[in-house]
Amino acid sequence: MEELRPKVRALYRAVLELLDEGADINNIKVSEITRKAGIGKGTAYDYFKSREEIIVGALFYDLEREVGTEKEKLRQIDGFGAKMEYAFDWIERRFREQKSFMRVLRLTTQKTEISGSLLEEFQKHKDFPCRPVMVLGELCQEGKERGEIREEIPVAAACLTALSSLAAFVMFLEAGEHIRDVDPKWMKTFLQKGLLNQLK
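Residues numbered from 1 in each chain as written. Predicted model: local features only at pLDDT ≥ 70, side-chain atom pairs only at ≥ 80, totals over all residues. Heavy atoms only, no water.

Q: Where do I start with the overall build of the chain in this structure?
A: When helices and strands are counted, the chain shows ten helices and zero strands. Ordered by position from N to C terminus, the α and β elements of the chain give α-α-α-α-α-α-α-α-α-α. Burial status across the chain gives 44% buried among its 200 residues. Considering only residue pairs separated by 6 or more positions, the chain has 63% of its internal contacts joining residues 24 or more positions apart. Put simply, the chain shows about 11,200 Å² of open surface, and 51% of that area lies on carbon and sulfur atoms. (Helix = DSSP H or I, 4+ residues; strand = E, 2+ residues; numbered from the N terminus. Buried < 20%, exposed > 50% of the residue type's maximum accessible area, 1.4 Å probe, protein only. Contact = heavy atoms within 4.5 Å. Areas by Shrake-Rupley, 256 points an atom, 1.4 Å probe, with all protein chains shown as cover.)

If you want it as structure tokens, here you go:
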């Protein structure tokens, strides 16, 4: 991870603290961020062009730390199936906690200034090493090399299949109370088994 200037890190942490305290991401003001960071409002504009850029930067900063940590944990888990089980569990935990991965995922489906900036920022960082899709690609590559994914299935297809299963689980969690006849544990197992059956 690139080393950040102390004031930039302070601004990022302030955004994340405000979000953890329940602030609406679409309504956070620069003055709130700088007050929380303990720096002058004008200083924020020495580093950033807009409020959106600060917020998007904070989300990427947190996402990189979060996914980087999880990549290390995944390396210690043996087998594609076990790694995917861990990925489903991780998404469920992050959904409950509403941490950066879920914040980013939600923003990509909303029509706001922040979500537009976020999507633009994603486009600028196509080679971002901790993008969830890249992590899934690495898992699928490893699974294929170990013979846990059928030989005729390209890594890209396996990755998209895994991503769609994880996305389906996120949509199920988002629906929450609207789907009362399906137990979350059952749905998670159902999607995991379906994914593995498609790829083995």
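Q: Looking at this model, I keep getting lost on the confidence of the model for the chain. Mind explaining?
A: Detailed reading of the predicted model is not advised wherever pLDDT is low. Taken residue by residue, the chain gives an average pLDDT of 84. The fraction at 70 or more is 81%. Within the chain, helix α6 (residues 100-107) has the poorest average pLDDT of any element, 61, and helix α10 (residues 184-199) the best, 95. (pLDDT = per-residue confidence, 0-100.)

Q: When you look at the nonpolar core in this model, what are you seeing that I'm missing?
A: Nonpolar side chains in soluble globular proteins tend to end up buried together. One finds F80, M84 and F169 to be the most contacted residues of the largest nonpolar core, which totals 31 residues. Those elements giving two or more residues to this core turn out to be α4 (51-75), α5 (80-97), α8 (132-145), α9 (155-175) and α10. Beyond its immediate chain neighbours, meaning those up to four positions away, F169 contacts F88, I91, E92, P184, M187, K188 and L191. The next biggest cluster of nonpolar side chains, apart from the first, holds 22 residues, and it includes L11, Y12, A14 and I25. (Core = buried A, V, L, I, M, F, W, Y, C linked by side-chain atoms within 4.5 Å.)

Q: Please clarify how the pattern of salt bridges should be interpreted in this entry.
A: Pairing is possible between side chains of opposite charge, provided their charged atoms come close. In this structure the tally under the stated criterion is 13 salt bridges. E70 is the partner of K73 in a salt bridge, and the nearest nitrogen-oxygen pair spans 3.7 Å. A residue pair is termed a helical-turn pair when its members lie 3 or 4 positions apart in one helix, as K73 and E70 do in helix α4 at three residues. K73 gets classed as partly exposed once you look at its relative accessible area, which sits at 38%. A residue is classified by how much of its surface remains accessible, and E70, at 5% relative accessible area, is buried. Residues E152 and R150 are paired through a salt bridge, measuring 2.6 Å at the closest nitrogen-oxygen approach. (Salt bridge = Lys/Arg side-chain N within 4 Å of Asp/Glu carboxyl O.)

Q: Is there a simple way to think about helix α2 (residues 30-37) in this case?
A: Listed in full, the buried residues belonging to α2 are V30, I33, T34 and A37. Seen along its axis, α2 keeps its buried residues to an arc of 90°; they face one direction. Those residues of α2 that are buried are in contact with α1 (6-20), α3 (41-47) and α4. Two residues or fewer past α2, G38 is found with a positive phi of approximately 75°. (Arc of directions from axis to C-beta.)

Q: When you look at the packing of α5 against α10 in this model, what are you seeing that I'm missing?
A: Each pair of packed helices gets described by two things: the angle between the helix axes and the distance between those axes. One can describe the packing of α5 onto α10 by two numbers: an axis separation of 11 Å at closest approach and a directional angle of 145°. Here the hand of the crossing between α5 and α10 comes out right-handed. Where α5 abuts α10, its residues F80, G81, M84, E85, F88, D89 and E92 lie against P184, K188, L191, Q192, L195, L196 and L199. Class assignment for the residues of the contact of α5 with α10 results in eight nonpolar, two polar and four charged. (Axes fitted to C-alpha atoms, helices over the stretch in contact; angles between N-to-C directions. Left-handed = near helix turned anticlockwise from the far one by under 90°. Nonpolar A, V, L, I, M, F, W, Y, C, P; charged D, E, K, R; others polar.)

Q: Whenever I open this one, the packing of α4 against α5 confuses me. Can you help?
A: Viewed as axis vectors pointing N to C, α4 and α5 meet at an angle of 150°, and their least axial separation amounts to 11 Å. By the criterion of interaxial angle, the relationship of α4 to α5 is roughly antiparallel. Between α4 and α5 lies a crossing of right-handed hand. On α5, the residues touching E66, V67, E70, K73, L74 and R75 of α4 are K83, Y86, W90, R93 and R94. In the contact of α4 with α5, the residues fall into four nonpolar, no polar and seven charged. (Parallel < 35°, antiparallel > 145°, perpendicular 65-115°, else oblique.)

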